[in-house]
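One-letter residues, chain by chain:
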Amino acid sequence: KVPNMPTASDLVDRNFSRSEPDRLWVTDITEHPTREGKVYCAVVLDVYSRRVVGWSIDSRPAATLVTSALGMAIDNRQLVDGETIIHSDHGTQFTSWAFTQRAIDSGLLPSMGSIGDCYDNAVIESFWSRMQVELLDTRRWKTRVELANAIFEYLEIWHNRQRRHSALGMMTPVEFEARQQETTAA
């Protein structure tokens, strides 16, 4: 990779609305301290429903962190070959060969915003901001396992199944997807 040379163009151009699931996924990493050291979390979010469709937690911010989150999303969802975009920033994990190849081999279209511009991945940045306030900053975490368990509960239970989103008509991501499937089937 050539320094400052993007590995993928910006296929999103800050247009984060989608009318169907699995057309645009956004991804990023956050970190948070514990008394034992930092915990890193990668999330893949479907912008259609704001549902966390893949995630991974580790004590190191290596490429395996993001490829594991991507792998979970691929395994859990119905990709539209050649139409599902995976959008990220230019972090070294996302520009890695392992992540890029996993995305391409799965039929995903890699996309990256401009360097150093949080607005180019605003949906995931907003997600991290809410998680910071609702979970991470609510207390001091003793161990990595304690924080990892709390993150798991936040993602799978609170965010996806209990947290209501104004962008979804005050439904949870799971409710929104179920309602949309019922409407489509009818």
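Above this text is the structure in question.
This section reports on the structure supplied with the text. Model, not experiment: these values are computed from the prediction.

So, on to helix H1 (residues 63-76). In this model H1 runs 20 Å from its N-terminal to its C-terminal C-alpha over 14 residues, within 8% of the 20 Å that 1.5 Å per residue would give. Among the residues of H1, those classed as buried are Leu65, Val66, Thr67, Ala69, Leu70, Gly71, Ala73 and Ile74. Buried-residue contacts for H1 involve strand S1 (24-34), strand S2 (37-46), strand S3 (51-58), strand S4 (85-88) and helix H2 (97-105).

This part covers the pattern of salt bridges. For the coordinates displayed, the defined rule picks out 11 salt bridges. Between Arg23 and Glu20 there is a salt bridge; the shortest N-O distance is 3.0 Å. Residue Glu20 is classed as partly exposed on the basis of its relative accessible area of 38%. Between Arg77 and Asp22 there is a salt bridge whose closest N-O contact spans 2.8 Å.

Below, the discussion takes up the pairing of S3. The element S3 is largely enclosed, with a buried count of 6 among its 8 residues. Pairing geometry for S2 and S3, over 7 bridges, is antiparallel. Within S3, the position partnered with Leu45 by the bridge is Val52. Linkage of S2 to S3, two consecutive antiparallel strands, is achieved through a turn of 4 residues, within which Arg50 is found at a positive phi near 65°.

Relative to the 18 Å expected for 13 residues at 1.5 Å per residue, helix H3 (residues 122-134) spans 18 Å between its end C-alpha atoms, a close match to the ideal helical length. Buried residues of H3: Val123, Ile124, Phe127, Trp128, Arg130 and Met131, and no others. Here the buried residues of H3 occupy an arc of 160° about the axis, which is enough to place them on one side. Against S1, S2, S3 and helix H4 (144-162) lie the buried residues of H3.

In this section: empty space enclosed by the protein. Where empty space is left becomes clear once a probe the size of a water molecule has been rolled over the atoms. Throughout the structure, instances matching the rule amount to 1 cavity of 30 Å³ or more. Taken as a whole, the largest cavity encloses approximately 50 Å³ of empty space. Lining the largest cavity, in full, are Thr7, Ala8, Ile86, Ser88, Phe94, Phe99, Thr100, Pro110, Ser111 and Met112. Looking at the lining of the largest cavity, the elements with two or more residues in it are S4, H2 and strand S5 (109-112). No other element matches S5, which puts 3 residues into the lining of the largest cavity. Across the lining of the largest cavity, the residue classes break down as 6 nonpolar, 4 polar and no charged.

Quick look at the nonpolar core now. Of all hydrophobic cores here, the largest spans 25 residues; its most connected members are Val43, Leu45, Phe127, Met131, Leu135, Ile151 and Leu155. Only S1, S2, S3, H3 and H4 provide two or more residues apiece to this core. With near-sequence residues (within four places) excluded, Leu155 lies in contact with Cys41, Val43, Val52, Trp55, Phe127, Met131 and Asn160. Counting 19 residues, the second-largest nonpolar core is a separate cluster that includes Ala8, Ala69, Ala73 and Ile86.

A few words now on the packing of aromatic side chains. Geometry of an aromatic ring pair is reported as the spacing of the ring centres plus the angle between the planes. For the coordinates displayed, the defined rule picks out 5 aromatic pairs. Linked through ring pairs, Phe127, Trp128 and Tyr154 together constitute an aromatic cluster.

Looking now at the environment of Leu70. You can see Leu70 is positioned in helix H1. In this structure the C-alpha to C-alpha distance between Leu70 and Ile86, which are 16 residues apart in sequence, comes to 8.9 Å. Ignoring sequence-local partners within four residues, the contact set of Leu70 consists of Trp25, Val44, Ile86, Phe99, Arg102, Ala103 and Leu108.

Cut-offs and rules
Residues numbered from 1 in each chain as written. Predicted model: local features only at pLDDT ≥ 70, side-chain atom pairs only at ≥ 80, totals over all residues. Heavy atoms only, no water. Helix = DSSP H or I, 4+ residues; strand = E, 2+ residues; numbered from the N terminus. Expected span 1.5 Å × (residues − 1). Buried < 20%, exposed > 50% of the residue type's maximum accessible area, 1.4 Å probe, protein only. Contact = heavy atoms within 4.5 Å. Salt bridge = Lys/Arg side-chain N within 4 Å of Asp/Glu carboxyl O. Pairing = 2+ DSSP bridges. Arc of directions from axis to C-beta. 1 Å grid on protein atoms, 1.4 Å probe; cavity = no way out; pocket = protein on both sides within 12 Å on 5 of 7 lines; lining within 4 Å. Points joined across faces, edges and corners; volume = space filled by probe spheres on them. Nonpolar A, V, L, I, M, F, W, Y, C, P; charged D, E, K, R; others polar. Core = buried A, V, L, I, M, F, W, Y, C linked by side-chain atoms within 4.5 Å. Phe/Tyr/Trp six-rings, centres within 6.5 Å; stacked < 30°, edge-to-face > 60°.

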